[in-house]
Amino acid sequence: MSARAERSKQGLSSLSHEHRRFEPPDGLAANANLTADVYEHSTVDREQFWAEQAERLSWAQKWDTVLDASSLPFAKWFVGGRLNAAYNCVDRHVESGRGDRVAIHWVGEPEGDTRDLTYSDLQAEVSKAANALTDLGVGVGDRVAIYLPMIPEAIVAMLACARIGAPHAVVFGGFSSDALASRIEDCQAKVVVTADGGYRRGAASALKPAVDEALTKTSAVEKVLVVRRTGQDVAWNDEVDVWWHDIVDGASATHTPEPFDAEHPLYVMYTSGTTGKPKGILHTTGGYLTGAAFTHWAVFDLKSDADVYWCTADIGWVTGHSYIVYGPLANGATQVLYEGTPDSPERGRWWKIIEKYGVTIFYTAPTAIRSFMKQGNKVPERYDLSSLRILGSVGEPINPEAYIWYRHVIGGDRTPVVDTWWQTETGMIMISPLPGVAAGKPGSAMVSIPGVTTDVVDEKGNSVPNGSGGYLVVTSPWPSMLRTLWGEDERYVETYWNRFQDKEYYFAGDGAKKDEDGDIWVLGRIDDVMNVSGHRLSTSEIESALVSHPAVAEAAVVGTSDEDTGQAVCAFVIQRDESGDGGQNLVQELRQHVRKQIGPIATPRRIMIVPELPKTRSGKIMRRLLRDVAENREIDDVSTLADSSVMDLISAGLVRNE
Ligand code: 6R9
């Protein structure tokens, strides 16, 4: 092994100090949807395996060919098959006698503002909305932008689009009018579905003005369909604006869904690239729905007649698409949908909802878990969370301390934690432990789910040995893979498929490590991997070390350029509520702590105690901005920050800390 490879291995092996293992509880393992033999079964004939999973859906016409890979990376799945996604998510459950089952327990942010929708209710609502959209002139293939708060109409609108074959482009309600306008323009949306506003942090927050402004920047839109949610005043243009209650509520509740080709576009979801224009990820119908339904059933061990499922994502993100709308509803699940913020009107709001509805499966993000950790154990301890049986995590690496806290304080040490790795592009969970099979390792997403083949490879695309790190790739097509970038076939090929010569691998843009058992640890985006004196160090690894110190609630690490070492480690740290006032002693102590946990090479050059960290609205830490602060640069564009005043707080705090 070269000296460089040896050094790189040392850097990566420091994660292996995590030796805790959590076996699945006996009861869960004995009744699990999947057992260990599924892995072997899925590899005997991968296409046959996915064909079996596609049988979970109702097809108007069965496919002739499972996978057409003749013009990769433009794959086609279930070629010749025809189905309707909305029929699969709604009508068929009613037809099989499950119409009275609650599909959605909706919880508005104002307390007591709740609504339950059964599958029959959903069928009527989706049918009405499909008829109304048709009346507005939306036809097969037309795009509809959806810009709504977390209210049932958001799901209804998505399914109504799917029902009439009009691909939706949901834009997160927290995005600005500029972001909305550029997305509408890119996909040429004919109709926008929005609301007067929604409730956030205890107050009505307006949405329609952003749509009005966006319409001054694009001429694609013909009609705006507006849900009345808050009752606040809105500007009105009779030629364009239509109230939902005027045309949807009165529409016929009967609508016959037409089956579409398996490869008919289902939706476009925009996601930020590293720079420049957002990418319009295109998902199609048959393969996507198969992947979302199978993984939701397998990874969460869903028992659709008994479980109450809750995913806290917003429908403006892919997690909301696959694991609030398409996966759970295709499976006939009962789920909670919550409109507001986790701490409104009080810090225990989420736990109160879990107690009230007896939530059994809970899926959230590490950033939320860490912010609850920061508040201490007393808040969740006031609630009865004993209904929970499986916890999930998604969106970023979950550091072992947060994993343990989640399992212990929220899961009462009973619940497996499934750390699920996937992306907008993959459409479905790709790497995750199966809760009835795996002995969970805090911090590791473990292995590819059955039917998926991933690997960690070097620069040339060669598989690295256990104990080493490299690039995370998917080595064969999967049913819910993105089909292209909207209107940008070339960028699709360039961004994801051209990284390795002679290898048709999907390049995920994440760094990962295989431990001695061959289990995968996702280290984060490759631009978050630092190189300090030739050692490969992961930002998340150092963040984990910092968070494992009792005084630290949350940490973000960036690599800053350094003449001597290439990059230097710079850490931003939020203190726990309960701990002392921090300052120089704490900074010294944390340096020592990281030194001890990982090694001298990882010792942060600078540690800054800050009150908040800059995050995107989906909760990802914006390391780019922190890098600017650390390198004393002018602070870059903060337009996608959830709260742009955070940067002022950090800069003010820095003056104090220097
Ligand atoms: C589903 C979603 C995708 C990126 C992905 C990776 C990070 C997601 C993760 C994870 C470590 C996990 N990511 N899940 N990193 N462990 N369990 O988040 O989609 O918004 O497209 O983000 O998120 O870096 O590449 P998306």
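Residues numbered from 1 in each chain as written. Predicted model: local features only at pLDDT ≥ 70, side-chain atom pairs only at ≥ 80, totals over all residues. Heavy atoms only, no water.

### Points about the sheet that holds strand β17 (residues 334-338)
With respect to topology, 7 strands assemble into an open sheet ordered β5-β4-β17-β16-β18-β19-β20, the strand pairing being mixed. With one partner strand each, in any of the chains shown, β5 (114-118) and β20 (417-420) form the two edges of the open sheet. Neighbouring strand axes in the sheet, compared pairwise and without regard to direction, differ in orientation by 20 degrees on average. Here 3 bridges tie strand β16 (residues 308-311) to strand β18 (residues 361-364), and the two strands are oriented parallel to one another. Note on β18: the bridge partner recorded for cysteine 311 is tyrosine 363. (Pairing = 2+ DSSP bridges. Helix = DSSP H or I, 4+ residues; strand = E, 2+ residues; numbered from the N terminus. Axes fitted to C-alpha atoms, helices over the stretch in contact; angles between N-to-C directions.)

### Digging into the nonpolar core
Counting 143 residues, the largest nonpolar core has Leu122, Leu159 and Tyr326 as its most contacted members. Excluding residues that lie within four positions of it along the chain, tyrosine 326 makes contacts with Ala85, Cys89, Met158, Leu159, Ala162, His168, Leu266, Tyr267, Tyr288, Leu289 and His321. Core analysis: the next-biggest nonpolar cluster, separate from the first, contains 52 residues, Met373, Val379, Ile404 and Val417 among them. (Core = buried A, V, L, I, M, F, W, Y, C linked by side-chain atoms within 4.5 Å. Buried < 20%, exposed > 50% of the residue type's maximum accessible area, 1.4 Å probe, protein only. Contact = heavy atoms within 4.5 Å.)

### What about the UniProt feature "binding site: CoA" (unreviewed entry) in the protein?
What UniProt calls "binding site: CoA" (unreviewed entry) maps, in this numbering, to Arg200, Arg201, Gly202, Ala203, Thr319, Ser533 and Arg595. In sequence the annotated residues extend across 396 residues, and in space they extend as well, their farthest C-alpha pair lying 50.1 Å apart. Residue position: arginine 201 is located in the loop between β9 (197-200) and β10 (203-206). For arginine 201, a relative accessible area of 60% puts it in the exposed group. Apart from the residues within four sequence positions on either side, arginine 201 is in contact with Glu109, Thr341, Asp343 and Ser344. The partly exposed category is assigned to serine 533, whose relative accessible area is 35%. (UniProt positions renumbered as here; feature names shortened; annotations may be inferred.)

### Here's the deal with the packing of helix α7 (residues 152-164) against helix α12 (residues 318-330)
Between α7 and α12, the shortest axis-to-axis distance is 11 Å and the interhelical angle comes to 60 degrees. One element, α7, and the other, α12, form an angle in the oblique class. Seen from above, α7 lies across α12 with right-handed handedness. Where α7 abuts α12, its residues Ile155, Met158, Leu159 and Ala162 lie against His321, Ile324, Val325, Tyr326 and Leu329. Split into classes, the residues belonging to the contact of α7 with α12 amount to 8 nonpolar, 1 polar and no charged. (Parallel < 35°, antiparallel > 145°, perpendicular 65-115°, else oblique. Left-handed = near helix turned anticlockwise from the far one by under 90°. Nonpolar A, V, L, I, M, F, W, Y, C, P; charged D, E, K, R; others polar.)

### A word on the packing of helix α18 (residues 539-547) against helix α19 (residues 584-597)
Contact geometry for α18 and α19: axes closest at 9 Å, N-to-C directions at 120 degrees. The angle between α18 and α19 falls in the class oblique. α18 and α19 meet at a crossing whose hand is right-handed. Counted together, Ile542, Ala545 and Leu546 of α18 and Leu590, His593, Val594 and Gln597 of α19 form the full contact between these two elements.

### Regarding the packing of aromatic side chains
Tallied over the entire structure, the rule returns 37 aromatic pairs. Taking the centre distance of 6.0 Å and the plane angle of 80 degrees together, the rings of tyrosine 323 and tyrosine 363 count as edge-to-face. Of this pair, tyrosine 323 sits in helix α12 while tyrosine 363 sits in strand β18; the two residues are 40 residues apart in sequence, bridging distant segments of the chain. Its relative accessible area of 0% is what places tyrosine 323 among the buried residues. Sitting above the plane of the tryptophan 297 ring, arginine 56 keeps its charged end 4.0 Å from the centroid. The side chain of arginine 228 reaches across the aromatic face of tryptophan 243, ending 5.1 Å from its centre. (Phe/Tyr/Trp six-rings, centres within 6.5 Å; stacked < 30°, edge-to-face > 60°. Lys NZ or Arg CZ within 6 Å of the ring centre and 35° of its normal.)

### Considering the side chain of histidine 93
As for its placement among the helices and strands, histidine 93 is situated in helix α5 (residues 85-98). Accessibility expressed as a relative area gives 6% for histidine 93, which makes it buried. A distance of 3.4 Å separates a polar side-chain atom of histidine 93 from the backbone nitrogen of glycine 332. (Polar contact = N/O pair within 3.5 Å; in protein donor to acceptor, adjacent residues only side chain to side chain.)

### Overview of the site of the ligand
Around the ligand sit 16 residues, and of these Asp419, Thr420, Thr424, Asp510 and Arg525 come closest. Aspartate 419 has a polar side-chain atom sitting 2.7 Å from a nitrogen atom of the ligand. At a separation of 2.6 Å, an oxygen atom of the ligand approaches a polar side-chain atom of threonine 424. Residue assignment for the shell around the ligand shows that the elements contributing at least two residues are α12, β20 and β25 (520-525). (Near = heavy atom within 4 Å.)

### Some points on the pattern of salt bridges
This model, assessed by the stated rule, comprises 28 salt bridges. Notably, a salt bridge pairs aspartate 113 with arginine 229, separated by 2.9 Å at the nearest N-O pair. Of this pair, aspartate 113 sits in the loop between β4 (102-107) and β5 while arginine 229 sits in the loop between β11 (223-227) and β12 (241-243), placing them 116 residues apart in sequence. Exposure remark for aspartate 113: the relative accessible area of 25% places this residue in the partly exposed category. Looking at arginine 229, the relative accessible area reads 17%, which means it is buried. Here arginine 370 makes a salt bridge to glutamate 396, at a shortest N to O gap of 3.2 Å. (Salt bridge = Lys/Arg side-chain N within 4 Å of Asp/Glu carboxyl O.)

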